[in-house]
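If you want the building blocks of each chain, they are given just below.
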Amino acid sequence: MSPKRNRSRLEEILHRLEQEYPDRSSMLVYENPFQLTAAVALSAQTTDAAVNRATVELFRRWPDALSLSQAEPVEVEDVIHSLGFFRQKAKNLIGASRLIMENFDGEIPRDMEHLTSLPGIGRKSANVIRAHLWNLPGIIVDTHFGRVCRRLGLTESKDPTKLEREISALLPEEDHIVFSMTANRHGRKYCKSRKPECPDCPLEDICPKYGVA
Ligand code: SF4
């Protein structure tokens, strides 16, 4: 499909998704920028609900980068052990907290390069953090987003970097966040991995994979 045709289809898709998902706030619970950063780092390979359960105690004991930078790894591991890869995640959290204190005066950096220098924060996580904290544009490529884009025929790519570039080129910057968040929700609600609910999907008449995904 030509880029121009793809662009106009995407406008229609975005319009419908915006109506379907008016609430685009973070599903992670946090009280300050550091806590969002930590929660996003913990959310790899697990659910937001599981992260929220674990961070109640985590943030009660270590609410900011300063306190977590001084934490004992074994104590952090104990608090987040219900999450997968908890040893690595504890190490990342403490390492990121130290870097935030040493290199960024205790503040979460906005710059993509600086954010992704923190252990446990890749490009996807950095885009989530930048979007929620500062409304900075960026395409947030996760498994739900990629699946929805491919089924809708907006890309064929499975490579996150390429996918991010391709969708960025189709959308004006001011729509990056809203499309990222609504497509993610769409992947969770209707366009599920194993059994998409095509008959109920608000995009059913414009989706090339209706019923065959
Ligand atoms: S019609 Fe089916 S495959 Fe297409 S976006 Fe909707 S749920 Fe996904």
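Source: prediction; values computed, not measured. (Residues numbered from 1 in each chain as written. Predicted model: local features only at pLDDT ≥ 70, side-chain atom pairs only at ≥ 80, totals over all residues. Heavy atoms only, no water.)

With that settled, consider the side chain of histidine 176. You can see histidine 176 is positioned in helix α11 (residues 176-189). By relative accessible area, histidine 176 is classed as buried at 6%. With residues up to four places along the chain from it excluded, the contact list for histidine 176 reads Pro137, Gly138, Ile139, Ser168 and Leu171. (Helix = DSSP H or I, 4+ residues; strand = E, 2+ residues; numbered from the N terminus. Buried < 20%, exposed > 50% of the residue type's maximum accessible area, 1.4 Å probe, protein only. Contact = heavy atoms within 4.5 Å.)

Around the ligand sit Arg151, Leu152, His186, Tyr190, Cys191, Pro196, Cys198, Cys201, Cys207, Lys209, Tyr210 and Ala213, and those are all the residues in its vicinity. Along the lines of polarity and charge, the residues of the shell around the ligand split into 9 nonpolar, 1 polar and 2 charged. (Near = heavy atom within 4 Å. Nonpolar A, V, L, I, M, F, W, Y, C, P; charged D, E, K, R; others polar.)

When the parts of a complex come together, some accessible area is lost, and that lost area is often taken as the interface size. With domains assigned, the protein is organised as domain 1 (3-24 + 139-206) and domain 2 (33-134). Centre-to-centre separation of domain 1 and domain 2, based on C-alpha positions: 27 Å. If you look at the interface, domain 1 gives 9 residues, while domain 2 gives 7 residues. In total, about 600 Å² of surface goes out of reach between domain 1 and domain 2, with carbon and sulfur atoms giving 60% of it. Its largest share of buried area at the contact with domain 2, domain 1 owes to Ile140, Glu164 and Met181, together 55% of the area lost on that side. Applying the counting criterion to the domain 1 and domain 2 interface returns 1 salt bridge. Between arginine 123 and glutamate 164 there is a salt bridge, and its shortest N-O distance comes to 2.8 Å. Across the contact surface, domain 1 and domain 2 share 2 residue pairs in polar contact (both at pLDDT 80 or more). Counting residues per element, the side of domain 1 that touches domain 2 draws most heavily on α11, which supplies 3 residues. Residues that form the side of domain 1 that touches domain 2 fall into these classes: 5 nonpolar, no polar and 4 charged. (Domains from an automatic or database assignment. Buried area = accessible area lost by both parts, 1.4 Å probe. Salt bridge = Lys/Arg side-chain N within 4 Å of Asp/Glu carboxyl O. Polar contact = N/O pair within 3.5 Å; in protein donor to acceptor, adjacent residues only side chain to side chain.)

Now for the pattern of salt bridges. Under the definition given, this model contains 9 salt bridges. When the shortest N-O distance is used, the salt bridge between arginine 16 and glutamate 12 registers 2.8 Å. Of this pair, arginine 16 and glutamate 12 both sit in helix α1 (residues 3-20), 4 residues apart, which is roughly one turn of that helix. The class for arginine 16 is buried, based on a relative accessible area of 18%. One continuous salt-bridge network, built from bridges that share partners, spans Glu12, Arg16 and Asp205.

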